[in-house]
Number of protein chains: 2
Amino acid sequence: MPTHNNELRHQRNLHDTLLQVNHLLEKQKLVNALVRKQDTPRHELVQSLVAKQHLVELKHKLEQLHPADLAFVLESLPLDDRLKVWELIPVEKYGAILLESAEAVRDSLIANMERHQIIHVAEHLDSDEIADLMPALPKDTVFEILTQLDSQNREQVQSVMRFPEGTAGALMDFDMITVREDVNLDTVLRYLRRLGKIPHQTDQLFVVDRNSIIKGVLPLTELLIHAPDDSVHDVMRNEFISFYTDDSAHEISQAFERYDLISAPVINSHNQLVGCLGVDVVVDFIDATLQRERLNQAGLEEEEDLFAPVWKSGRNRWAWLALNLMTAFIASRIIGMFEDTIEKLVALATLMPIVASIGGNTGNQTVALVIRGLALKKINADNFLHFFFKEITISLMNGILWGSVVGVFALLLYQDIRLALVMMAAMILNLLIAALAGVFIPVGLSKCGRDPVMGSSVMLTALTDSMGFFIFLGLATIFLLPH
Amino acid sequence: MPTHNNELRHQRNLHDTLLQVNHLLEKQKLVNALVRKQDTPRHELVQSLVAKQHLVELKHKLEQLHPADLAFVLESLPLDDRLKVWELIPVEKYGAILLESAEAVRDSLIANMERHQIIHVAEHLDSDEIADLMPALPKDTVFEILTQLDSQNREQVQSVMRFPEGTAGALMDFDMITVREDVNLDTVLRYLRRLGKIPHQTDQLFVVDRNSIIKGVLPLTELLIHAPDDSVHDVMRNEFISFYTDDSAHEISQAFERYDLISAPVINSHNQLVGCLGVDVVVDFIDATLQRERLNQAGLEEEEDLFAPVWKSGRNRWAWLALNLMTAFIASRIIGMFEDTIEKLVALATLMPIVASIGGNTGNQTVALVIRGLALKKINADNFLHFFFKEITISLMNGILWGSVVGVFALLLYQDIRLALVMMAAMILNLLIAALAGVFIPVGLSKCGRDPVMGSSVMLTALTDSMGFFIFLGLATIFLLPH
């Protein structure tokens, strides 16, 4: 395999790396165990040497890894192994690793760091990175770190921390290069060479005036293709996309995706350049959203450290279960209202779950489409009715289709045409309710400024369950019982 | 608002844009209606002039929009309006719009394009873009487009089309600049100026030898900070990440995210540079995954054109509903086995849905964690057992906790301690089953090379429902009925 992508090889074979790490840890533990057993000094010496040798091997292995990969390895290890490995990693890498690793794991690592270590780590980070770590750090350490920063960095850290999470202000960093529009490209080129370092992910320089008001952007590509004696003013773009500090991460990622941006300036209400956003932030945000939704949809409040103590993981899941239990109780009480009916016609008990569950499934399909439509702003005042009636029609169509299927099912089982008709009617009605709820619950939630992704599905299922039982058993009471 | 982000303003106020477009369409329709009514030639002339005037206004509005935004507008319009607007858009923009718009909408547009239009559009696209459109185009047109391409482009198109969807080969494009390692930076700079254009999202040049075997990469930033008389060989990086044509989009997006890449070379098994990948592709891929999962989890096979005909949308949802109906039938039959028991003790009918639904909910939480663990390769042979027993313990804990809650609930309702105990026991057992299934179903699916995101949840719910009813009613039959 070509040497040039051995970094990637790590990334691909992280699994193998993990196995090796585990293997070395095991060996070393084993040897230590032996040491304890055999207490003749000579043995001990030999064994502990062997043990050391394994640690050295492990240390070497770890040194080759990219911080992101180290974060991965640490996340995949049980707490005690995790800490053992952590101590083998050179402190210079701590900062990068903490920034890369999942919150739960990050906390477990910081909890086991000496205060002076934390401060040492902070010294090697950019102010926006420090700001990212701050929430995870103990109060007093935070204070000490801030006092040790020079005024400019302290200001930056504080400004970033001031902005609410998920806004441009909180996501931005300060790795940007600014130039004036009256100089020529040659000056810029010489300036860059003098700098000797251009921040990662810089694809454009920002053109600002004396009051750091943004005038335009100078893409590196333009800088490269134009004659050195052209002036920045002639080459720079004054049609470009910028963000205000209070723009939401969602808006930002949509713009980056729509317009294929790599970086963008962040400005304040006076059009002064205050920071910049890189596509890496956006990629992380979109991916984090994907991960969070997967968990939230299952009612997990936060990502769990796979090796967190049981009670902690348990708590993470209770709120959701309690909620679902309540809805289940309600459904149960609604069935309770019809106990006499069920007693007289027990077939109802076997058929009622069908009405409820199909209602829930169709409703959730509508919810998914509405949420998507809302997220992409594709559902609006003009087409809402069109969309709404379409969903109603589909649910009617489905109701008649699946209603007849279950009707036939009921007929075959119980040779009772009236029961079959009640079953069919209940299906049609519950599917209509499912469509109504599937449209109005997410729309309502987002009208109230809540995220429809959370909660829509629970509320809908609660409704379709209860109504499913109510309609079916209600109709049965009216039409199937002798009066 | 600063002029420099009026592009962004479009993006932000796409909603308003949409309203304006709709408004103009309405006006124009209205006028045409009038024209039809009043048939005195003079009136007609006036009216049609007014109508034209609105169209001109609309046309002007559309010309200002970015292709991505035009795609958005088109997607948000009912078919007839969509086609009317489509005809007002300058043909030069067609290609970009088709590439940006959702499949369903893209098809509706292409279906209404003249063959010569399509070919004209293709002429203005890069070969990788043509390859992206090909699947959506009618066969004969594809052939004609291929014949009109020069040999190099035809080869590129065909090579891209040859690679399976979702691989580096199918995603790569050919907008890259290559240099030799023996020249010095000044030569490179002059070469770039001569080129006069550097492809969008170029952050590095690729260094290849005569046989186009890749030797290293030359980041633009390095090119800018080093002295012009340095040689490429001294400045280039030979530690960099590249992809093979058969690497999966998932691997690629993980690497881009992990290592904050902006572009990466795609090589064949001989290490020859064959194409390159940009971060924009990755952003689109991650976002597409997010959108697809939202739909799939609700059992929608594909994204629906909000304005697709009802029957078409209906079909999109049937497979899932049929599947769920089957599982519901099974659950129903399991209840059916215990009709006598229910007849004797109707309380069971009201309580049984609780056991089933809580089982489903806890199981799906486990599923979500396992799927995540698998996706990030965090669950592996070494820690599987650890993780497995943890889930079992949590489910036991939850079982006892929630089991007692529902037990008390049952006790209060029916003053029957034995019923309460049966309820509690059933909860504990069903939660254990939920944990087992929650771990083994996704693991099993991915062992069989299937995507656990699809199907895991249905299978689990089917199981927890059926078993929930079976265990609860079974225990009740054994312990609560007089023998």
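The structure displayed is predicted, hence computed values, not measured ones.

Calculation notes
- One numbering rule holds for all chains: residues counted from 1, following each sequence as written.
- Think of it this way: whatever chain is written first is A, whatever ligand is written first is 1, and the rest follow in order.
- Given that the model is predicted, a residue must reach a pLDDT of at least 70 before its local features are reported, and side-chain atom pairs must reach 80 or more before they are shown or counted; all residues, however, enter totals for whole chains, interfaces and linings.
- Note: side-chain values were computed over all heavy atoms of the structure, leaving out hydrogens and water.
- Strands pair, by our definition, only if DSSP identifies at least two bridges between them.
- Put simply, DSSP H or I for four residues or longer makes a helix, DSSP E for two residues or longer makes a strand, and each gets a number counted from the N terminus.
- What counts as a salt bridge is simple: a side-chain nitrogen of Lys or Arg found within 4 Å of a carboxyl oxygen of Asp or Glu.
- Throughout, exposure labels follow a simple rule: accessible area from a 1.4 Å probe, protein chains only, divided by the maximum for the residue type, with under 20% read as buried, over 50% as exposed, and the rest as partly exposed.
- Stacked, edge-to-face and tilted are the three classes for Phe, Tyr and Trp ring pairs, Trp counted by its six-membered ring, which pair at centre distances within 6.5 Å; planes under 30 degrees apart are stacked, over 60 edge-to-face, the rest tilted.
- All copies are superposed by least squares; the fitting set is the C-alpha atoms of residues with a pLDDT of at least 70 in both.
- A contact between two residues is defined here by any heavy atoms of the two lying within 4.5 Å.
- Residue count minus one, scaled by 1.5 Å, sets the expected span of a helix.
- The handedness of a crossover follows from its direction of travel: if, with the strands pointing away from the viewer, the path from the first strand over the helix to the second runs clockwise, the crossover is right-handed.

### With respect to the sheet that holds strand S5 (residues 263-267) of chain B
Residues and elements named next belong to chain B. An order of S4-S5-S6 is seen for the three strands of this open sheet, with the pairing classed as mixed. Both outer strands of the open sheet, strand S4 (243-244) and strand S6 (273-278), are each paired with one neighbouring strand and no more. Across two bridges, the pairing between S4 and S5 is parallel. Directly across from Phe-243, in S5, lies its bridge partner Val-266.

### What about the pattern of salt bridges?
Residue and element names in this part refer to chain A. Going through the model one piece at a time under the given rule, you end up with 14 salt bridges over all chains. One salt bridge connects Arg-115 with Asp-140, and the closest N-O pair in it is separated by 3.0 Å. Of this pair, Arg-115 sits in helix H8 (residues 115-123) while Asp-140 sits in helix H10 (residues 139-148); the two residues are 25 residues apart in sequence, bridging distant segments of the chain. One salt bridge in this structure joins Lys-215 and Asp-209, with 4.0 Å as the shortest N-O distance. By relative accessible area, which is 18% here, Asp-209 ends up buried.

### Description of the packing of aromatic side chains
Residues and elements named next belong to chain A. One pass over the full model with this rule turns up 16 aromatic pairs over all chains. Pairing Phe-338 with Phe-470 gives two aromatic rings, centres 5.9 Å apart and planes at 65°, and the pair type is edge-to-face. Here Phe-470 lies in helix H23 (residues 456-480) and Phe-338 lies in the loop between helix H18 (310-336) and helix H19 (339-344), a separation of 132 residues in the sequence. A residue is classified by how much of its surface remains accessible, and Phe-338, at 9% relative accessible area, is buried. Three or more aromatic residues joined by ring pairs make a cluster, and in this case those are Phe-384, Phe-388, Phe-389 and Phe-440.

### Considerations on the relation of the copies chain A and chain B
The two copies are related by a screw operation: chain A maps onto chain B through 180° of rotation and 0.1 Å of translation along the axis, at an RMSD of 0.2 Å. When the rotation and shift are considered jointly, the pair of chain copies conforms to a two-fold rotation axis. Of the residues that chain A buries at the interface, 99% are likewise interface residues in chain B, meaning the two copies contact each other through the same surface.

### A closer look at helix H17 (residues 279-297) of chain B
The first and last C-alpha atoms of H17 of chain B sit 27 Å apart over 19 residues, in line with the 27 Å expected at 1.5 Å per residue. In terms of burial, H17 of chain B is largely enclosed, as 14 of its 19 residues are buried.

### Quick word on the environment of Leu-65 of chain A
Residue and element names in this part refer to chain A. Inspection of the secondary structure puts Leu-65 in the loop between helix H3 (41-63) and helix H4 (67-75). Relative accessible area serves as the criterion here: at 3%, Leu-65 is assigned to the buried category. Sequence separation of Leu-65 and Thr-17 is 48 residues, and the distance between their C-alpha atoms is 9.3 Å.

### Some thoughts on the pairing of strand S2 (residues 204-208) of chain B
All names here are of chain B. Counting buried positions along S2 yields five of five residues, so the element is predominantly enclosed. As paired strands, strand S1 (residues 178-179) and S2 are joined by two bridges and run parallel to one another. What sits directly across from Val-179, in S2, is Val-207. Taking the sense of rotation as the criterion, the β-α-β connection linking S1, helix H13 (residues 185-195) and S2 turns out right-handed. Bridge analysis of S2 against strand S3 (residues 214-219) gives five bridges, and the strand direction is antiparallel. From the neighbouring strand, Val-207 faces S3, where its bridge partner is Gly-216. In this antiparallel pair of consecutive strands, S2 and S3, the connection spans five residues, and Ser-212 shows a positive phi of 50°.

Fair warning: the whole summary comes from geometry, so function is off the table for now.
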